[in-house]
There are 2 protein chains.
Amino acid sequence: MKDTNLADWLLQHLHGEGAMNRQLHDLLLRAVLQGQLAAGSKLPSTRWLAQQLGVARNTVIDAYDNLLAQGCLLTRAGSGTYVAEVEREPPLGLGRAGAHKAVAPAAPTLSRRGSALLAQAGVSARQWGAFMPGVPDVTEFPVRTWLRLHNRRWHEAKPERLSYAPGGGLPELREALAEHLRVARSVQCTAAQIIITSGSHQAVDLVARLLTDPGDTVWLEEPCYWGLRSTLQSLSLRALAQPVDAEGLSWPGRFKGAAPRLVLATPSHQYPLGMVMSLARRQQLLEHCRQHGSWIVEDDYDSEFRFGTRPIASLQGLDGGDRVLYVGSFSKTLFPGLRLGYLVVPKALAAPFAKASAELYREGQLQQQATLADFIRDGHLGNHVRRMRTLYGKRRECLLAAVQSNFGDALPVLGDNAGLHLVLQLPEGTDDRAIEASAAKAGIAVRALSSYYSNPASARRGLLLGYACVPEARIAPAFRTLAEVLRRAPTPLAP
Amino acid sequence: MKDTNLADWLLQHLHGEGAMNRQLHDLLLRAVLQGQLAAGSKLPSTRWLAQQLGVARNTVIDAYDNLLAQGCLLTRAGSGTYVAEVEREPPLGLGRAGAHKAVAPAAPTLSRRGSALLAQAGVSARQWGAFMPGVPDVTEFPVRTWLRLHNRRWHEAKPERLSYAPGGGLPELREALAEHLRVARSVQCTAAQIIITSGSHQAVDLVARLLTDPGDTVWLEEPCYWGLRSTLQSLSLRALAQPVDAEGLSWPGRFKGAAPRLVLATPSHQYPLGMVMSLARRQQLLEHCRQHGSWIVEDDYDSEFRFGTRPIASLQGLDGGDRVLYVGSFSKTLFPGLRLGYLVVPKALAAPFAKASAELYREGQLQQQATLADFIRDGHLGNHVRRMRTLYGKRRECLLAAVQSNFGDALPVLGDNAGLHLVLQLPEGTDDRAIEASAAKAGIAVRALSSYYSNPASARRGLLLGYACVPEARIAPAFRTLAEVLRRAPTPLAP
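The shown structure was predicted, so the numbers you read here are calculated from the model rather than taken from an experiment.

Chemist: Please provide a residue-by-residue account of the overall build of chain A, values included.
Modeler: The number of helices and strands found in chain A is 17 helices and 14 strands. Against the 2.2 N^0.38 benchmark of 23 Å for 495 residues, chain A shows a C-alpha radius of gyration of 31 Å, more extended than a compact globule. When its C-alpha atoms are laid out on the principal axes, chain A stretches across 90 × 55 × 50 Å. Going through the 495 residues of chain A one by one, you find that 58% of them count as buried. Of all intrachain contacts in chain A linking residues separated by at least 6 positions in sequence, the fraction that spans at least 24 positions is 72%. Distance between charge centroids for chain A: 1 Å, based on 55 positive and 44 negative side chains.

Chemist: Describe the packing of helix α16 (residues 432-441) of chain A against helix α17 (residues 472-488) of chain A, and please don't skip the residues or the numbers.
Modeler: All names here are of chain A. Relative orientation of the contacting elements α16 and α17 amounts to 135°, with a least axis distance of 10 Å. Taken as axis vectors, α16 and α17 run oblique relative to one another. The hand of the α16/α17 crossing is right-handed. For the pair α16 and α17, contact is made by I435, S438 and A439 and by L482, V485 and L486, respectively. Split into classes, the residues belonging to the contact of α16 with α17 amount to five nonpolar, one polar and no charged.

Chemist: Could you give an account of helix α10 (residues 226-233) of chain A, with specific residues and numbers?
Modeler: Among the eight residues in α10 of chain A, seven count as buried, and that is most of the element. Among all positions of α10 of chain A, only W226, G227, L228, R229, S230, T231 and L232 of chain A are buried.

Chemist: I'd like a description of the pattern of salt bridges, backed by residues and values.
Modeler: Overall, the coordinates contain 46 salt bridges over all chains when judged by the stated rule. Among the salt bridges present, the one from R488 of chain A reaches E484 of chain A, with a minimum N-O distance of 4.0 Å. Of this pair, R488 of chain A and E484 of chain A both sit in helix α17, four residues apart, roughly one helical turn. With relative accessibility at 61%, the residue R488 of chain A sits in the exposed group. Among the residues examined, E484 of chain A registers a relative accessible area of 40% and is labelled partly exposed. R185 of chain B is the partner of D300 of chain B in a salt bridge, and the nearest nitrogen-oxygen pair spans 2.7 Å. Here D300 of chain B, found in the loop between β8 (295-299) and α12 (315-319), pairs with R185 of chain B, found in helix α8 (residues 171-185); they are 115 residues apart in sequence, far enough to count as distant. One connected set of salt bridges, linked through shared partners, spans R152, R153, E156, R161, E172, D374 and R377 of chain A.

Chemist: Any details on the side chain of R161 of chain A? Residues and values, ideally.
Modeler: Positionally, R161 of chain A belongs in the loop between α7 (143-156) and α8 (171-185). Residues contacting R161 of chain A, with those up to four places away along its chain left out, are R153, E156, L170, E172, L366, Q367 and A370 of chain A.

Chemist: Give me the interface of chain B and chain A: which residues, what numbers.
Modeler: With 95 residues of chain B at the contact, the number on the chain A side is 90 residues. Summed over both partners, the interface of chain B with chain A comes to about 8,300 Å²; 57% of that surface belongs to carbon and sulfur atoms. In this structure, the connection of chain B to chain A is made through four salt bridges. A salt bridge links D213 of chain A to R112 of chain B; the nearest nitrogen and oxygen atoms lie 3.2 Å apart. Here chain B and chain A share 37 residue pairs in polar contact (both at pLDDT 80 or more) between them. When residues of the side of chain B that touches chain A are traced back to their parent elements, those giving at least two are α6 (112-120), α7 (143-156), α8, α9 (200-211), α10 (226-233), α11 (279-292) and α13 (350-361) of chain B.

Chemist: Can you tell me about the side chain of D299 of chain B, naming the residues and giving the values?
Modeler: Residues and elements named next belong to chain B. Checked against the element boundaries, D299 lands in strand β8. The side chain of D299 sits in the buried core without any salt bridge; K332 is the nearest counter-charge, 8.9 Å away. Dropping the residues within four chain positions of it, D299 is found in contact with L228, A265, T266 and V327.

Chemist: Which residues make up the sheet that holds strand β9 (residues 324-329) of chain B, and what values do they have?
Modeler: The strands making up a sheet associate through hydrogen bonds between their backbones, and the pairing can be parallel or antiparallel. Residues and elements named next belong to chain B. Strand order in this open sheet of eight strands is β3-β10-β9-β8-β7-β4-β5-β6, and the pairing throughout is mixed. Of all strands in the sheet, those bounded by a partner on one side alone are β3 (194-197) and β6 (248-249). α9 contacts β3, β7 (262-265), β8, β9 and β10 (341-344) of the sheet and is inclined by roughly 155° relative to β9.

Chemist: Got a sec to walk through the environment of Q425 of chain A? Specific residues and values, please.
Modeler: All names here are of chain A. Note that Q425 resides in strand β12 (residues 421-425). Between the alpha carbons of Q425 and K394 there is a distance of 21 Å; along the sequence they are 31 residues apart. Those residues within four positions of Q425 in sequence are excluded, and the remaining contacts are L411, P412, L414, R460, R461 and G462.

Chemist: Help me get a handle on the nonpolar core, residues and values and all.
Modeler: Counting residues in hydrophobic clusters, the biggest one holds 96 residues, and the most contacted among them are L343 and F353 of chain A together with L343 and F353 of chain B. When residues no more than four places from it in sequence are discounted, the contact partners of L343 of chain A are Q193, I194, I195, T197, A203, L206, V207, L325, Y326, V327 and F353 of chain A.

Chemist: Account for the pairing of strand β10 (residues 341-344) of chain A, with residues named and values stated.
Modeler: All names here are of chain A. Residues of β10 alternate between two faces, with G341 and L343 on one and Y342 and V344 on the opposite face, all of them buried. By the bridge criterion, four bridges tie strand β3 (residues 194-197) to β10 in an arrangement that is antiparallel. Directly across from I196, in β10, lies its bridge partner Y342.

Chemist: Which residues make up the sheet that holds β3 of chain A, and what values do they have?
Modeler: All names here are of chain A. On the basis of which strands lie adjacent, the open sheet formed by eight strands has the order β3-β10-β9-β8-β7-β4-β5-β6 and mixed pairing. Both edges of this open sheet fall to β3 and β6 (248-249), since each of them pairs with a single strand only. Its contacts with the sheet place α10 against β4 (217-222), β5 (238-245), β7 (262-265) and β8 (295-299), and it is angled at close to 165° to β4. Contacting β3, β9 (324-329) and β10, helix α13 (residues 350-361) crosses the sheet at an angle of about 20° to β3.

Chemist: Which residues make up the confidence of the model for chain A, and what values go with them?
Modeler: Residue and element names in this part refer to chain A. Of all residues in chain A, 90% attain a pLDDT of 70 or more, and the chain-wide mean is 87. Taken element by element, chain A is modelled with least confidence in helix α5 (residues 95-103), mean pLDDT 33, and with most confidence in β3, mean pLDDT 98. Throughout residues 89-107 the model reports pLDDT below 50, and contacts reaching past four residues in sequence, or to other chains, amount to 14 contacts.

Chemist: I'd like a description of helix α9 (residues 200-211) of chain A, backed by residues and values.
Modeler: All names here are of chain A. With 12 residues, α9 extends 16 Å from end C-alpha to end C-alpha; this agrees with the ideal 16 Å at 1.5 Å per step. The buried fraction of α9 is high, at 12 of 12 residues. For α9, the full list of buried residues reads S200, H201, Q202, A203, V204, D205, L206, V207, A208, R209, L210 and L211.

Chemist: Quick rundown of unusual backbone geometry? Include the residues and the values.
Modeler: At the junction of E222 of chain A and P223 of chain A, the peptide bond is cis and its omega measures out at 0° in the coordinates. In this structure, F131 of chain B follows A130 of chain B across a cis peptide bond, with omega equal to -10°. Even without glycine at this site, S236 of chain B takes up a positive phi of about 65°. Here S236 of chain B lies in the loop between α10 and β5 (238-245).

Chemist: Describe the pairing of strand β4 (residues 217-222) of chain B, with residues and values.
Modeler: Residue and element names in this part refer to chain B. Among the six residues in β4, five count as buried, and that is most of the element. This β-α-β element, β4 to α10 to β5, shows right-handed connectivity. Direction of pairing for β4 relative to β7: parallel, over a ladder of two bridges. Note on β7: the bridge partner recorded for W219 is V263.

Cut-off values and rules
- Residues numbered from 1 in each chain as written.
- Chains lettered and ligands numbered in written order.
- Predicted model: local features only at pLDDT ≥ 70, side-chain atom pairs only at ≥ 80, totals over all residues.
- Heavy atoms only, no water.
- Helix = DSSP H or I, 4+ residues; strand = E, 2+ residues; numbered from the N terminus.
- Rg over C-alpha atoms; globule rule 2.2 N^0.38 Å.
- Buried < 20%, exposed > 50% of the residue type's maximum accessible area, 1.4 Å probe, protein only.
- Contact = heavy atoms within 4.5 Å.
- Lys, Arg positive; Asp, Glu negative; His and termini not counted.
- Charge placed at Lys NZ, Arg CZ, Asp CG, Glu CD.
- Axes fitted to C-alpha atoms, helices over the stretch in contact; angles between N-to-C directions.
- Parallel < 35°, antiparallel > 145°, perpendicular 65-115°, else oblique.
- Left-handed = near helix turned anticlockwise from the far one by under 90°.
- Nonpolar A, V, L, I, M, F, W, Y, C, P; charged D, E, K, R; others polar.
- Salt bridge = Lys/Arg side-chain N within 4 Å of Asp/Glu carboxyl O.
- Buried area = accessible area lost by both parts, 1.4 Å probe.
- Polar contact = N/O pair within 3.5 Å; in protein donor to acceptor, adjacent residues only side chain to side chain.
- Pairing = 2+ DSSP bridges.
- Core = buried A, V, L, I, M, F, W, Y, C linked by side-chain atoms within 4.5 Å.
- pLDDT = per-residue confidence, 0-100.
- Expected span 1.5 Å × (residues − 1).
- Right-handed = clockwise from strand over helix to strand, strands pointing away.

In structure tokens:
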């Protein structure tokens with residue numbers, strides 16, 4: 001292409017949008033890639049081209065410089081700027097592009113573990129409203145107190161608090177937590193044994209990466225929380241679903257049998273059914289795991305909210321902290337979006353876990369961690385939990401009353417003595433997923449119990465109803481809507 | 001250790017219990033960790049070793065593959081299998097007799113992938129101060145503006161913003177980012193293709209879980225960022241280190257050869273050496289990956305800060321977004337502790353990636369995401385980056401002057417045209433890790449270049465010096481301290 005032709009072509013294609021140097025760069029690049037500017041051909045001088053285009057000379061220099069930096073142009077000393085030898089794009093509509101298609105795999109494909117993850121994904125599109133389980137009432141969170149503490153920490157201006165977190169998290173928060181967990185949950189640990197995480201998913205991910213190898217067996221409760229099952233399975237672990245009975249996790253041939261590398265359990269409040277693991281069963285589990293060198297992950301996700309009885313002491317405390325890794329978070333006590341949780345590990349594992357968490361996740365959020373440390377030490381966490389326990393207790397009674405007035409004793413309620421949700425049991429064979437879908441259409445968020453099972457054949461049917469995030473006055477009307485959906489369902493529900 | 005000695009030692013320690021491939025793996029791992037097999041030494045061929053031990057060749061292959069996947073061994077194309085650089089256990093002084101005892105697993109044991117992760121961990125205990133690489137000057141962050149936007153968002157009181165994040169993150173932030181990336185980085189995407197992450201570690205973790213299976217090969221640049229190598233290896237991927245030359249990532253037999261499932265590259269600014277991938281190489285890489293159905297992760301960690309030339313357009317834009325997954329974060333432009341980054345995926349992968357990120361990580365932090373969206377849309381991000389580019393440019397010149405005045409041209413500087421650090425090259429054979437340790441004792445944080453290599457035998461020696469977080473007045477005195485350390489080092493450094 002002659003210099004004048006190039007200038008004309010550029011003038012035709014330059015337009016109003018975007019910076020001129022960028023436009024010029026993109027057009028020249030296109031001309032090189034598509035072969036209008038042949039390899040070895042000389043470019044016009046920046047001064048001349050700027051004049052022709054009516055732009056500042058620096059604009060042209062900048063575009064040339066960029067193409068030089070990419071190796072698309074080259075300069076020869078004292079002689080000017082030339083088009084470099086680059087691999088051209090195939091001319092459009094010609095054979096090479098077609099040959100290309102033949103070699104390349106069809107559609108973008110996920111890997112096997114990726115496909116499996118998506119096929120099983122349990123995450124819900126909705127995160128708020130009646131009767132969304134697992135969500136606390138975040139409108140009751142003491143925003144003013146939090147912002148006061150938060151802004152104070154920001155005005156301290158410690159630069160290292162805006163950088164990456166030290167392994168294990170902010171020492172102040174780990175200290176505050178060790179004290180809190182000792183008093184509130186009978187967890188025996190020092191601050192060094194606490195690893196701050198972004199929640200229970202990260203805690204379980206860390207445990208699995210450090211204590212398991214691909215192909216190892218992990219025991220999960222059947223039913224269980226889908227999110228942690230997905231996390232473990234995508235680390236190439238074999239998830240073995242063990243049934244729960246009235247005393248919690250059980251396993252066939254309880255005193256012998258193959259040993260898992262890891263057991264994931266919710267002894268304080270089975271998720272989602274709600275039973276508490278008996279002391280006898282706890283001791284059997286600890287003994288089994290000690291004998292076989294298995295680790296136990298104790299997921300203590302919501303035991304702060306118990307109605308009636310006192311919280312059950314942790315499995316970690318019973319064990320003395322040798323076999324048990326204790327997991328908790330502030331998602332239920334404060335708000336889910338905070339994304340702060342913790343993992344308490346045995347003493348011998350404290351140093352490697354702290355180091356590995358920094359290596360794998362490169363965490364930060366130290367300003368939030370500092371704010372949370374203040375929030376705990378100043379007693380706001382304890383106050384908030386007590387206040388919420390009273391509030392949720394009233395909402396729970398309201399929901400129980402609504403169930404009773406709509407269905408009498410026809411639909412039994414499970415797991416209502418703690419936590420943020422209860423399970424409304426449905427007759428065997430009910431299609432609880434279809435009911436979930438119909439309820440969603442009627443504006444009510446519920447989750448089908450069967451979707452927490454890995455094996456649908458053995459699944460109990462029911463609905464998880466979260467009451468924590470529903471104002472008392474909304475509970476009866478929302479449940480009436482749900483009751484209508486239930487009455488229209490194929491399986492007969494009330495006598 | 002000679003091949004025959006190795007075979008003898010293995011024969012002495014193999015015994016009847018457990019699968020032979022597992023025993024062989026464990027013994028070889030011990031030998032690597034305890035230093036009997038030195039870094040860089042070549043392993044015998046699988047055929048020869050199988051013959052010597054009287055086991056099936058597949059048994060040896062399996063043990064080697066496992067160690068490769070953990071990063072304990074590495075292969076060089078057409079040349080064999082070598083011992084990688086890993087953090088050694090303290091020598092136990094074990095002779096041949098009694099070695100068996102030391103081989104038996106100790107009490108609380110990490111898994112193989114856990115041990116490998118820790119053996120290679122590159123994370124530094126320190127995160128601030130002269131000359132910590134990779135850390136921006138967070139004291140310049142516009143705290144008042146940020147808090148104003150942040151507090152305003154909190155006073156809006158939208159409860160769903162305190163709950164879990166929708167898959168992919170806050171739509172407002174994804175919109176703001178799509179626009180920003182189009183203008184600033186020539187990234188072609190819609191908001192739906194953007195997945196908000198907690199940083200580049202999470203972005204790469206997500207890509208690997210969805211697009212790779214255990215045992216798949218991943219190409220990494222040699223040298224590269226240790227954190228992403230660790231993330232990939234602990235997902236049971238085989239990391240194959242490919243050399244970089246003046247044009248960036250290169251690979252033997254560039255137009256044929258085995259295909260990786262994934263390529264992790266830093267085309268805008270090779271980390272840590274600093275070269276820009278040439279246009280020709282970019283096209284070769286895209287072509288190679290298209291032909292073989294490989295994915296490319298483009299890690300664009302700091303290209304906002306270029307001194308002299310304009311930022312290079314992204315590989316994602318060149319490709320049109322079919323093969324490339326583009327990764328970026330705000331760790332360098334704002335502050336590392338913010339923990340917000342993004343992944344731009346091809347259109348066909350947008351929906352599965354959004355869903356899987358919610359399933360795996362259960363993210364939140366929507367108040368921070370909303371604040372960041374405002375910060376970008378109101379132009380504060382652009383302003384801050386421009387201001388910092390000027391500031392860092394001055395600090396860079398100051399450091400270059402300090403190098404010059406202390407060492408003249410005796411120590412060449414690499415990769416100083418962009419980013420937050422430069423590399424001070426040291427003569428071949430210099431023990432740069434020892435210098436890192438001596439500098440730390442003198443109060444100066446530097447990182448040894450060789451520690452970014454998986455294969456120490458081929459490692460260039462040097463020091464990464466971050467200048468971004470060092471006030472101008474501190475640079476010359478801090479460098480004088482470092483120069484003292486360098487002059488006392490065993491290898492002569494100045495004429």
